[in-house]
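Geometric and topological summary
As a plain string of letters, each chain reads:
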Amino acid sequence: MSETNQRLAALFQEMADVMQITGADVFKVKAFEKVSRTLESLDRDVAAIGPDPKKLAELEGVGKGSAARIAEFLQTGKITDHEELMATFPPTLRPLLKVQGLGPKTIALLWKECGITSLEDLREKLKGDELCEVKGMGQKKVEALRQNLAFAETAGTRIRIGSALPVAQWFVDQLRKLPQVKDVTYAGSLRRGKETIGDIDLLVAASEKDAGTISDAFVKLGPVATVITKGPTKTSIRTKRDGEDGVQVDLRVVPPASYGAALLYFTGSKEHNIAMRERAIKQGMKLNEYALTKGDKPVAGATEQEVFKALGLAWVPPELREDHNEIELAAKNALPELIKLADIKAELHAHTTASDGVWSIRDLASAAIDRGFHTIAVTDHSKSQHLARGLDEERLERHIEDVRAVAKELKGKITVLAGSEVDILVDGSLDYSNSILKELDIVVASPHASLSQEPAKATKRLLKAINNPYVTIMGHLTGRLVNKREGLHPDMRELIAAAKERGIAMEINANHYRLDLRDTHARAAIEAGVKLAIDTDAHAPVDLNELVYGVLTARRAGARCGDVINCMERDELARWIKSTRK
DNA sequence: GCCGTTTTCGGCCCGACTGTTTTCAGTCG
């Protein structure tokens, strides 16, 4: 996301938060939140649109008022409304919204009645019992606040999909063992394949009378640390903290006849759900988590498919449910046939003991054969990666010979390509000369250092790499690490245009710490007609399992098989690689 | 504040759970 988009999105979100607490019209608050979300998911720099209110108002959810505010920001670097709003508001009050159970109404109350203006004030006041005296606050609420405050202060951000998925799968497996459970799955942002997950949503189909038994069994499972809420059909827990990965898990139990409607509802996104409900209303029906109904007559509910069908829509894959344009496409039966894990037939970015991997060329190739791949590229690090034991020219020459030897041995079983993950140096030149790169079958060019470079420099640097005639794939383009490192913020449009011109591919690095390109970048690449590569960057056998996260990200970007070079048949891929060298 | 296949004004998704209430407000997803 561009820095301007990010700053503007933050300003609008801040205004929305403050207005909530000061008691503004809820719909006005929602409108500001919508503008913030639009800016956040925008695939281009809003500054590039310019300070023309007419053009800005074409953005989703942006009307006259917000367009004028964005234009003001683009010209002056500030928004007058924002400054005025903040002038009367303690800046330390907003973080209270992060405390579970504390909403705008209660925060306003604590502020006005008790003079609380920060988390520190709240913590102090919670030491005694005086808050119980405030209207609407009782002993239980105060106790809940004490617990949730402690959690809000230590809890990290959203957890990475690679941490969440195994936990969710474990709970699903346990619940499936219960005889009362007819069906069970995870839903939420995890099912949509988002790179980070706020909480894990589980959905169970069971008869109404068994709901209590299932909830009871759920809260007794080993990893459960705290029960947040527990009703007959809805239960929330937090798991024990394993490092930073204590996570909230919500369980809903619905009758089998409602399973599809509930799955739809709990998969979200919220925006997709709202759009679906609005569509139902327009067709004279009502949609909730129990069913699609006309009057009081149920129309659909047991499966997602029948709900979509009754609304005149094709089934929308969860990864696309972001209220982007998927409902429009589903209405025209024009949704893309998304890539599947089983479509991947080649791994084009992997490391061996030659640099920082833990397995030999042969073991890597065997693992690729076991996966049913027809091609594997050996791409160890280049010389600047000292810590990763990057290969200097001399070692690379010998390494190429080793790869060729294995390739010869395995001929007929798998194609083994001699490649390199060559460093993109700070100025955009590559870590090997072209005369060396020419020797290789495939070249993945990636940035590893100077990852906080300013955007203009980063763009120039990456452009130079793209335009090297021997580069086949641009690897983990921004160098970001999810929840850990921002990485580069280059002008993605410019890079995508250059990659298109060159005819090379851009990588979705499937490692769940990277997922780089991210979904929005990958979508922009596909829309521009640039081919994607989905690779695991495997250093060890277990890393090949990361492929699922890369495929989920590609699906979120709307990728079909034809957009991804790893789906090509052996000969087609070989021809394509050749075509990148002109 | 935003928006339009009933509308340029009058709507804006819908339900579960909790706590402090005597019928509901606040919060969450």
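Residues numbered from 1 in each chain as written. Chains lettered and ligands numbered in written order. Predicted model: local features only at pLDDT ≥ 70, side-chain atom pairs only at ≥ 80, totals over all residues.

1. Examining the domain arrangement of chain A
Under the domain assignment used here, chain A contains domain 1 (3-87), domain 2 (94-154), domain 3 (159-254), domain 4 (261-331) and domain 5 (341-579). Inter-centroid distance (C-alpha atoms) of domain 1 to domain 3 is 36 Å. (Domains from an automatic or database assignment.)

2. Quick word on the sheet that holds strand β8 (residues 286-287)
Pairing in this open sheet of three strands is antiparallel, and the strands run β8-β9-β10 from one edge to the other. Whereas interior strands pair on both sides, the edge strands pair on one side only; in this sheet they are β8 and β10 (297-300). Pairing between strand β9 (residues 292-294) and β10: three bridges, direction antiparallel. Paired with L292 across the two strands is A300, which belongs to β10. (Pairing = 2+ DSSP bridges. Helix = DSSP H or I, 4+ residues; strand = E, 2+ residues; numbered from the N terminus.)

3. Looking at the packing of helix α17 (residues 361-370) against helix α18 (residues 393-409)
Relative to each other, α17 and α18 sit at 40°, their axes nearing to 10 Å. Comparing the axis directions of α17 and α18 gives the class oblique. In the packing of α17 onto α18, the handedness of the crossing is right-handed. Two secondary-structure elements touch here, α17 through I361, R362 and A365 and α18 through D402, V403 and V406. (Axes fitted to C-alpha atoms, helices over the stretch in contact; angles between N-to-C directions. Parallel < 35°, antiparallel > 145°, perpendicular 65-115°, else oblique. Left-handed = near helix turned anticlockwise from the far one by under 90°. Contact = placed C-beta atoms within 7 Å.)

4. A short note on the protein's contact with DNA strand B
In the vicinity of DNA strand B there are 41 residues, among which G63, G103, T106, G138 and G231 approach most closely. Broken down by element, the residue count for the surface near DNA strand B peaks at six residues, all from helix α14 (residues 270-282). Across the surface near DNA strand B, the residue classes break down as 10 nonpolar, 16 polar and 15 charged. (Near = placed C-beta within 6 Å. Nonpolar A, V, L, I, M, F, W, Y, C, P; charged D, E, K, R; others polar.)

5. What about the pairing of strand β13 (residues 415-423)?
The element β13 is extensively covered by neighbouring structure, given that nine of its nine residues are classed as buried. Side chains T415, L417, G419, E421 and D423 of β13 all project onto a buried face; the interleaved residues V416, A418, S420 and V422 project onto the opposite face, where all are buried too. The sheet contact formed by strand β12 (residues 375-381) and β13 spans seven bridges and is parallel. Following the sheet pairing, V378 is matched in β13 by A418. Each parallel crossover has a hand, and for β12 linked through α18 to β13 it is right-handed. Here β13 runs beside strand β14 (residues 442-446); their pairing, made up of five bridges, is parallel. Looking at β14, one finds that G419 is bridged to I442. (Buried ≥ 20, exposed ≤ 12 C-beta atoms within 10 Å, placed from the backbone. Right-handed = clockwise from strand over helix to strand, strands pointing away.)

6. Focus: the sheet that holds strand β7 (residues 248-254)
Taken together, five strands build an open sheet; the order of strands is β2-β4-β7-β6-β5 and the sheet is mixed. Only two strands of the sheet have a single partner each, and these edge strands are β2 (183-186) and β5 (224-230). For this sheet the average axis-to-axis angle between neighbouring strands, irrespective of direction, equals 20°. Alignment of β2 against strand β4 (residues 200-205), held across four bridges, turns out to be antiparallel. The residue of β4 that forms the bridge with Y186 is L202. Taken strand by strand, helix α12 (residues 211-219) contacts β4, β5, β6 (234-239) and β7, and its axis lies near 165° from that of β7. Across the sheet, helix α13 (residues 259-267) is in contact with β2, β4 and β7; its angle to β4 comes to roughly 175°.

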